[in-house]
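# Chain and residue survey
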Amino acid sequence: MEELKNLKYIKLFSVSLLIYAFIGGFLFDVPALPILNESIRVLYFHVPMWFTMIFLLLISCINSFYFISRKKIIYDTKSYTYTSVAVFFGFLGILSGMIWAKFTWGSFWTNDPKLNGSAITLLIYLSYFLLRSSISDEIKKAKISSVYNIFAFAMLIPLIFILPRMTDSLHPGSGGNPGFNVYDMNAQLRMVFYPSVLGFIFLGIWISKLKLVLNVLKNDN
Amino acid sequence: MIIEMIINFLSFFLNIQVEMADTFRSDGKIYVVILVALIILIGIFLYLYRIEKKINDMNKNK
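Residues numbered from 1 in each chain as written. Chains lettered and ligands numbered in written order. Predicted model: local features only at pLDDT ≥ 70, side-chain atom pairs only at ≥ 80, totals over all residues.

## Describing the overall build of chain A
As a reminder, the rule being used: For the purposes of this entry, the term helix denotes a DSSP run of H or I that reaches at least four residues, the term strand denotes a run of E that reaches at least two, and both are numbered from the N terminus. Exposure criterion: with C-beta atoms placed from backbone coordinates, a residue whose C-beta has 20 or more other C-beta atoms within 10 Å is buried, one with 12 or fewer is exposed, and one in between is partly exposed. Contacts are defined on C-beta atoms placed from the backbone: any two residues whose C-beta positions lie within 7 Å are in contact.
Within chain A, the regular secondary structure consists of 6 helices and 0 strands. Reading the secondary structure of chain A in the N-to-C direction produces α-α-α-α-α-α. Burial status across chain A gives 38% buried among its 221 residues. In chain A, the share of contacts with a sequence separation of at least 24, taken over all contacts with a separation of at least 6, comes to 75%.

## A short note on the interface of chain A and chain B
Test applied: Note on residue classes: Ala, Val, Leu, Ile, Met, Phe, Trp, Tyr, Cys and Pro are nonpolar, Asp, Glu, Lys and Arg are charged, and everything else, Gly too, is polar.
Opposite the 21 residues of chain A that make contact, chain B presents 17 residues. Elements supplying a minimum of two residues to the side of chain A that touches chain B: α1 (7–27), α2 (43–70), α3 (73–104) and α6 (187–220) of chain A. Of all the elements, α3 of chain A adds the most residues to the side of chain A that touches chain B, at 7 residues. The residue makeup of the side of chain A that touches chain B, split by class, is 13 nonpolar, 4 polar and 4 charged.

## Quick notes on the nonpolar core
Note the following rule: To define a nonpolar core, we join buried Ala, Val, Leu, Ile, Met, Phe, Trp, Tyr and Cys residues through C-beta atoms within 7 Å and take the resulting set.
Met53, Leu56, Leu57, Ala86 and Phe89 of chain A together with Val36 of chain B are the most contacted members of the largest nonpolar core, which totals 46 residues. Going through the elements one at a time, α1, α2, α3, α4 (113–134), α5 (138–166) and α6 of chain A together with α2 (22–61) of chain B are the ones with two or more residues in this core. Counting residues per element, this core draws most heavily on α2 of chain A, at 12 residues. The contact partners of Leu57 of chain A, leaving out residues within four places of it in the chain, are Thr83, Ala86, Phe153 and Leu156 of chain A.

## With respect to α2 of chain A
Quick note on the threshold: Here the expected length of a helix is defined as 1.5 Å per residue gap, with one fewer gap than residues.
Across its 28 residues, α2 of chain A extends 40 Å between first and last C-alpha, which sits within 8% of the 40 Å expected from 1.5 Å per residue. In the segment just after α2 of chain A, Lys71 of chain A is the residue with positive phi, at about 55°.

## Some remarks on the confidence of the model for chain B
Quick reminder of the rule: Confidence of the predictor at the level of single residues is given by pLDDT, which spans 0 to 100.
In the predicted model, chain B carries a mean pLDDT of 79, and 63% of its residues have values of at least 70. Reported confidence for the predicted complex is 0.85 by ipTM and 0.86 by pTM.

## Things to note about the packing of α2 of chain A against α5 of chain A
To characterise two packed helices, one gives the angle between the axes of the helices and the distance between these axes. Residue and element names in this part refer to chain A. To keep it simple, the criterion reads: Axis angles are defined between N-to-C directions and span 0 to 180 degrees, where every axis is a line fitted to C-alpha atoms and, for a helix, only to the segment in contact. Angular relationships are summarised with four words: roughly parallel below 35 degrees, roughly antiparallel beyond 145, roughly perpendicular across 65 to 115, and oblique for the angles in between. Here a crossing is called left-handed whenever its near helix is offset anticlockwise from the far helix by less than a right angle, and right-handed whenever the offset is clockwise.
It is at 9 Å that the axes of α2 and α5 come closest, and there the two elements cross at 140°. When the interaxial angle is binned, α2 and α5 end up oblique. You can see that α2 and α5 cross each other, and the crossing is left-handed. Here α2 contributes Leu57, Ser60, Cys61, Ser64, Phe65, Phe67 and Ile68 to the contact with α5, which in turn contributes Ala142, Ser146, Asn149, Ile150, Phe153 and Leu156. Each residue belonging to the contact of α2 with α5 can be placed in one class, and the counts come to 9 nonpolar, 4 polar and no charged.

## With respect to the environment of Phe202 of chain A
Residue and element names in this part refer to chain A. With respect to the helices, strands and loops of the structure, Phe202 is situated in helix α6. In this structure, the C-alpha to C-alpha distance between Phe202 and Phe13, residues 189 residues apart in sequence, is 7.1 Å. Dropping the residues within four chain positions of it, Phe202 is found in contact with Ile10, Phe13, Ser14 and Leu17.

This is the structure we're talking about:
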C-alpha cells in the first residue's frame, strides 16, 4: 500500500519519543507546586492528547478542502479517517483531564470555559459521523460532510483557543497565550513535554494511516 | 451554615480527623499520574484492538 510506504520513520520517532516521554515523565525533576504536587506530570500525557486531536483535525480539514477542489473520493476517505482518530484522542483528553481535575480542582467536571468548549467541539464532530451515516449516496455524502468538516474546524478555533482565553479559566493562558508564558511552563517541563507532544502526534498519524488502509479497502469492496 | 461553623469550631479543639480518600492523594498525588497514563495506554490498546478486529472481519468476508 502506498499509504504505508513512508511510515517507517514515523513509527521509529513515535516509539522512541514516547518511551522517552514515559520514562522522563515519571522520573525527571518537576517544579514543586502546591495543590498540583506530583500530578503536574499529567501535563505530559493530558495536553498532548489535545495537540494530537487538533493536528489530526487540521489534516482532516485540509483534506476536505482538497476534496472540494479536486473532487477525488480518496480525499474524503482521508478526511473521515483523520477525524475519527482525532475524536478518539479528544475523548482520551477529556477522560485524562477529568481524573486530573478531580484531584486538583476537586470535581470531575467544572464549568470552566475550556472544558465546555472542548465538549461542544467533540459534540460537533460526533454529529459529523451522524451526518455521514445518514446519507447513502457516496458523492453526496462526501460533498456535504466535507463542507461540514471545514465548518466544524472553523468552530473549533474560537471554542478551544479564543473564548477560554477571554474569560477567567482554571486552565493556564487566560488573558494571553500560554505558549509564551514563562510562569506556566519552565525548561524542565518543556524538555519532556515537547517530545511527548511529537510522539503522540506521530502515534496519531500512525494509527490514522492504518485505519486509512482499512477504509480504502472497505470502499473498494 | 451555622451548624457547619459550630462543627468546624469544635473540630478545631477536639482535633477530629475528617475521613477522606487520603491514600489516593498520598505520595504527592503520583497515583493520579499513573492512573492517567494507564487510561491513555488502555484507550489506545482498545482502539487498536477494534481496528484489528475490523480488518479480520473484512478478511473473513472476502
